[in-house]
Amino acid sequence: MDIKKIVAEMTLEEKAGLCSGADFWHTKAVERLGVEPITMSDGPHGLRRQEEAGDHLGMGGSVPAVCFPAGCATAASFDEALVYELGQELGKECRAEGVNVLLGPAVNIKRSPLCGRNFEYYSEDPYLASRMAAAYIKGVQSRGVGTSLKHFLANNQEHRRMSGSSEMDERTLREIYLAAFEEAVKEGRPWTVMCSYNRINGTYAAQNRKFLTDVLRNEWGFDGFVVSDWGAVNDRPADLEAGLDLEMPSSFGHNDARIVEAVKAGRLSEKTLDQAVERILGVARKCREAERTEPYDKEAAHRLARRMAGECMVLLKNEGVLPLSKNRKTAFIGEFAAHPRYQGGGSSHINAFQTESAWELADKTCVTYAKGCSIKEDKTDEALLKEAVLAAKEAETAVVFAGLPDSYESEGYDRVHMRLPENQNELIRAVCEANPNTVVVLHNGSPVEMPWADQVKGILEAYLGGQAVGGAVLDVLYGEVNPSGHLAETFPLKLEDNPSYLYYRGEGDTVEYREGIFVGYRYYDKKKMDVLFPFGHGLSYTDFAFSNLKISAERIRDTDVLTVSVDIKNTGSRSGKAVAQLYVAPPQGEIIRPVRELKGFEKVELEAGESRTARFTLSGRAFSFYDTAAGRFRAPSGRYGIEIGLSSRDIRQQCQVELEESETPHTRVGMDTIFLDILRRPAAVPMVREMVAKMDVADAGNGESMGEGTTEMLEALLGYMPLHALVSFSGGKIGFDDIEEFIEKLNGSGIF
Ligand code: BGC
């Protein structure tokens, strides 16, 4: 397929036409030139292929498929290999169904627990989110199927999602919201990126040249096509100009006509249009290189979905109650035991070809079941409650299956609080009273408040674990699988603790991200706040010990790569997987920075008694913040902590590395520069002394002249004074000419 040749042969109308969908899920064909349509389908944790009329809300029917654990769960695996495998599997299924591009992964940052789509997203941490997304993309694309990394950019709430403007400073964008996409683009190399509905600092994502072209293509090297979220196009020619190549779904010729008009009127260059066409054809060519179909074994995929769900679950609390022994008399309580909630609502909703519940698969000789309460309406049913209490009393252990009902979590709207339905809280309390050995299994896509957390003996976060979650819950409860998931998000004690709480949803269409870079644990750690469960937390049925933390050098430059290694030993009596998390703790100096930031993780499988070494590499970026004035990431010189732990609040090993910045941004000294900013450069101190000596001011304390005092003393006396103030403070001994001369000397010194 000679793309340049095809473009040259296409008419203006054909080119404009290729830049929008033929229908809901396909691009257009240009038969006379052999251009075939591209078939797209949702995504992300399964395939929602629609044969008949399409819809983007997941309401219409779709072909039966395998529903894998949602993003909230897969991120908790902290396992790139697992997510790669999931990607491969999804790619295989796409091939079987003739889908060329799968619409995922969804990588938006979990700014608030309330976002209706958090269940699809990975994390509150951009590093983790981006690593997971890169693994997913590589997995899917290894099967010759494309991905669409979405929703670019700053689409962190559903409320007013098609009109709201996410307003934030450049540093926050770069360190948090863009960073979630950055590695995914650079390393994953997705065939397509989907731009979001919302605006960013006033400009629609679809029309945002800065992000679609300057950052995505020019800085990060993206070479696929950008597709609109379904219906996100606002002003077609302007969007095209900004870098939005493909409009989806069809606009029934209306926007194609606008493109043609704009080109004819000279408002849009035909070159811009050609470029978009070339990008779309580039992906079309890749699609054709892959064979159309491949047989797909859904039963095997179901087994895989079960294994994956088990790997993702997070054991939040365990006071010796888990794992359960097989012949222990146990009561399963709560409707989710019989009908687990395993996915969220909206465009990601899969028509699961098969499901399984924990109750259905349980050994009925020792497990009983009581519904406990309704999961449809938040009302206590005294008869059901009584029955549950009785079941709990008669059992040695009670396992309450709780969680959020379908209507609480969906694309299209946000939650309004972070609580479970009150009838479920009441059920848990009543069961706890009846049986001291109570465990809660949770099915939810985002954190919930747990007012009963102290009363129960165990809590297993099963998330929305896909169609095989029921079996996977049994695997973990009974210890067939040793839990190894860790939280990819903080569970705050209450919603009001969340850093975005005051500004979430915004006023009208203006949503100010006033917490800035302090999202999730970056905020809770800086504020030293108590949380219910910290970022990275997750228990195991075995124990791990860390030792022998080593770094490849004690002093590095920001251009070096630091390697870090640590030994992990399974000190318990059964095999298990540890997630070693590496946090960098930047210096808490002039630059306002988080206490620690995740910069590496490694999941390590260990037999009882076995030891292994986990290794990490850190480049300068791992130590950096985004310096808006300099327009780049930089790692200022200083001592940085390297922390290894099992959660952001369970640091087991730490050391420090001295980093030297190779290129500090140039500044110019002027009349308004304050002495502190000059004295911070040791090489400039003698020049300052010389200058202030001219003032001939004796220090009141020891009679020394100011020029002879310590640097600290100079800082204390002059620190906040701008140079121009010397004129009045020197009693007329220093004039403006002297200061100008001094400024020239400093600027010419090469120190600044
Ligand atoms: C969603 C996307 C989805 C698309 C197609 C949109 O409403 O935001 O995530 O891929 O519909 O269904």
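This is a predicted model, so every value here is computed, not measured. (Residues numbered from 1 in each chain as written. Predicted model: local features only at pLDDT ≥ 70, side-chain atom pairs only at ≥ 80, totals over all residues. Heavy atoms only, no water.)

Draft legend 1. Focus on helix α5 (residues 126-141). Taking 1.5 Å of rise per residue, the 16 residues of α5 would be expected to cover 22 Å, and the 22 Å separating its terminal C-alpha atoms lies within 8% of that figure. Most of α5 is tucked away, with 14 of its 16 residues classed as buried. (Helix = DSSP H or I, 4+ residues; strand = E, 2+ residues; numbered from the N terminus. Expected span 1.5 Å × (residues − 1). Buried < 20%, exposed > 50% of the residue type's maximum accessible area, 1.4 Å probe, protein only.)

Draft legend 2. Highlighting the sheet that holds strand β19 (residues 576-585). Ordered by their spatial adjacency, five strands build an open sheet running β17-β25-β24-β19-β20, and the pairing between neighbours is mixed. Sheet topology places β17 (555-557) and β20 (597-606) at the edges, where each strand pairs with a single neighbour. Direction aside, the axes of adjacent strands within the sheet are offset by 30° on average. Direction of pairing for β19 relative to strand β24 (residues 638-647): antiparallel, over a ladder of five bridges. (Pairing = 2+ DSSP bridges. Axes fitted to C-alpha atoms, helices over the stretch in contact; angles between N-to-C directions.)

Draft legend 3. Spatial organisation of the layout of surface pockets. Each pocket or cavity is described by its volume, and for the largest pocket that value is around 960 Å³. Every element with two or more residues in the lining of the largest pocket is listed here: β22 (625-627), β24 and α18 (675-679). Considering each element in turn, the lining of the largest pocket owes the most residues, three residues, to β22. Tallied by class, residues from the lining of the largest pocket come to 13 nonpolar, eight polar and ten charged. There are two domains that each give the lining of the largest pocket at least three residues, and those are domain 3 (544-660) and domain 4 (675-747). Among the secondary structure elements, those contributing two or more residues to the lining of the second largest pocket are α5, α7 (179-188), β20 and β21 (611-618). Considering each element in turn, the lining of the second largest pocket owes the most residues, five residues, to β20. Within the lining of the second largest pocket, the residues separate by chemical class into nine nonpolar, five polar and twelve charged. (1 Å grid on protein atoms, 1.4 Å probe; cavity = no way out; pocket = protein on both sides within 12 Å on 5 of 7 lines; lining within 4 Å. Points joined across faces, edges and corners; volume = space filled by probe spheres on them. Nonpolar A, V, L, I, M, F, W, Y, C, P; charged D, E, K, R; others polar. Domains from an automatic or database assignment.)

Draft legend 4. Structural view of the sheet that holds strand β2 (residues 101-103). Strand order in the open sheet made by the five strands is β1-β2-β3-β5-β8, with parallel pairing throughout. At either end of the open sheet lies a strand with only one pairing partner, and these are β1 (40-42) and β8 (225-228). Neighbour-to-neighbour, the strand axes of this sheet turn through a mean angle of 30°, independent of strand direction.

Draft legend 5. Structural context of the packing of helix α6 (residues 170-177) against α7. Where α6 meets α7, the axes come as close as 5 Å, and the angle between the chain directions of the two elements is 50°. The orientation of α6 with respect to α7, classified from their angle, is oblique. Residues L173, R174, E175, I176 and Y177 of α6 form the contact with α7, whose participating residues are A179, A180 and F181. Per-class residue counts for the contact of α6 with α7 are six nonpolar, no polar and two charged. (Parallel < 35°, antiparallel > 145°, perpendicular 65-115°, else oblique. Contact = heavy atoms within 4.5 Å.)

Draft legend 6. Local environment of the nonpolar core. Core analysis: the biggest nonpolar cluster contains 145 residues, and F332, M450 and L477 have the highest contact counts within it. Ranked by residue count, the leading element in this core is α5, at eight residues. The next biggest cluster of nonpolar side chains, apart from the first, holds 39 residues, and it includes L33, M248, I259 and L273. (Core = buried A, V, L, I, M, F, W, Y, C linked by side-chain atoms within 4.5 Å.)

Draft legend 7. Expanded view of the packing of aromatic side chains. Enumeration according to the criterion identifies 15 aromatic pairs in this entry. Ring centres 6.3 Å apart and planes at 65° place the aromatic pair F78 and F535 in the edge-to-face group. Taken together, the residues F78 in the loop between α3 (71-76) and α4 (80-97) and F535 in the loop between α17 (521-526) and β16 (544-551) connect sequence positions 457 residues apart. Using a relative accessible area of 1% as the deciding quantity, one classes F78 as buried. Between Y521 and F535, the ring centres sit 4.4 Å apart and the planes meet at 25°, which makes this aromatic pair stacked. Residue Y521 is located in helix α17, and its partner F535 is located in the loop between α17 and β16; the two are separated by 14 residues in the primary sequence. Accessibility expressed as a relative area gives 0% for F535, which makes it buried. Looking at R111, its charged tip hangs above the ring of Y513, at a distance of 4.0 Å from the centre. (Phe/Tyr/Trp six-rings, centres within 6.5 Å; stacked < 30°, edge-to-face > 60°. Lys NZ or Arg CZ within 6 Å of the ring centre and 35° of its normal.)

Draft legend 8. Fine view of the site of the ligand. Near the ligand lie 15 residues; those nearest to it are D42, R117, H151, Y197 and D229. In this structure, D42 approaches the ligand through a side-chain N or O atom, which is 2.5 Å from an oxygen atom. A class-by-class count of the residues in the shell around the ligand yields five nonpolar, three polar and seven charged. (Near = heavy atom within 4 Å. Polar contact = N/O pair within 3.5 Å; in protein donor to acceptor, adjacent residues only side chain to side chain.)

Draft legend 9. Helix α10 (residues 254-264), seen in detail. All buried positions along α10 are accounted for by N255, D256, I259, V260, A262 and V263. The buried residues of α10 all sit within an arc of 165° when viewed along its axis, so they share a single face. Opposite the packed face of α10, turned more than 90 degrees from it, sit the exposed residues H254 and K264. Positive backbone phi, at 75°, marks G266, one or two positions downstream of α10. (Arc of directions from axis to C-beta.)

Draft legend 10. Summary view of the pattern of salt bridges. One pass over the structure, following the stated rule, counts 61 salt bridges. A salt bridge links E319 to K317, with the shortest nitrogen-to-oxygen separation between them at 3.8 Å. The exposure class assigned to K317 is buried, which follows from its relative accessible area of 12%. For the salt bridge of D406 with R341, the shortest nitrogen-to-oxygen distance reads 3.0 Å. Highlighted residues: D406 in the loop between β12 (397-403) and α15 (422-434) and R341 in the loop between β10 (330-333) and α13 (358-361), separated in sequence by 65 residues. For R341, a relative accessible area of 4% puts it in the buried group. Connected via shared salt-bridge partners are E80, R131, K138, E183 and E187. (Salt bridge = Lys/Arg side-chain N within 4 Å of Asp/Glu carboxyl O.)

Draft legend 11. A look at the domain arrangement of the protein chain. Under the domain assignment used here, the protein chain contains domain 1 (3-37 + 146-289), domain 2 (303-527), domain 3 (544-660) and domain 4 (675-747). The straight-line distance from the C-alpha centre of domain 1 to that of domain 2 is 38 Å. Taken residue by residue, the interface counts 20 residues in domain 1 and 18 residues in domain 2. Counting each side, the surface lost to burial between domain 1 and domain 2 is near 1600 Å², with a carbon and sulfur contribution of 49%. The three residues of domain 1 that bury the most area against domain 2 are Q157, E158 and H159, which together make up 32% of that side's buried surface. The closest approach of N and O atoms between E411 and R161, which form a salt bridge, is 3.1 Å. Between the two partners, domain 1 and domain 2, sit 18 residue pairs in polar contact (both at pLDDT 80 or more). Where the side of domain 1 that touches domain 2 is concerned, the elements lending two or more residues are β4 (165-167) and α6. A total of five residues in the side of domain 1 that touches domain 2 trace back to one element, the largest contributor, which is α6. (Buried area = accessible area lost by both parts, 1.4 Å probe.)

Draft legend 12. Region of interest: the side chain of T74. Among the structural elements, T74 can be located in helix α3. Setting aside its immediate chain neighbours within four residues, T74 contacts P69, V83, L86, Y122, M132 and C312.

Draft legend 13. Here's a closer look at the environment of R689. Along the chain, the position of R689 falls in helix α19 (residues 685-693). Along the chain, R689 and A383 lie 306 residues apart, while their C-alpha atoms are 85 Å from each other.

Draft legend 14. The state of the cysteines, seen in detail. For the coordinates displayed, the defined rule picks out zero disulfides. Counting only cysteine sulfurs, C94 is the nearest neighbor of C287, a cysteine outside any disulfide, at a range of 11 Å. C287 gets classed as buried once you look at its relative accessible area, which sits at 4%. C373 forms no disulfide, and the closest cysteine sulfur to it belongs to C432, at a distance of 14 Å. In this structure C373 comes out as buried when scored by relative accessible area, which is 4%. (Disulfide = S-S within 2.5 Å.)

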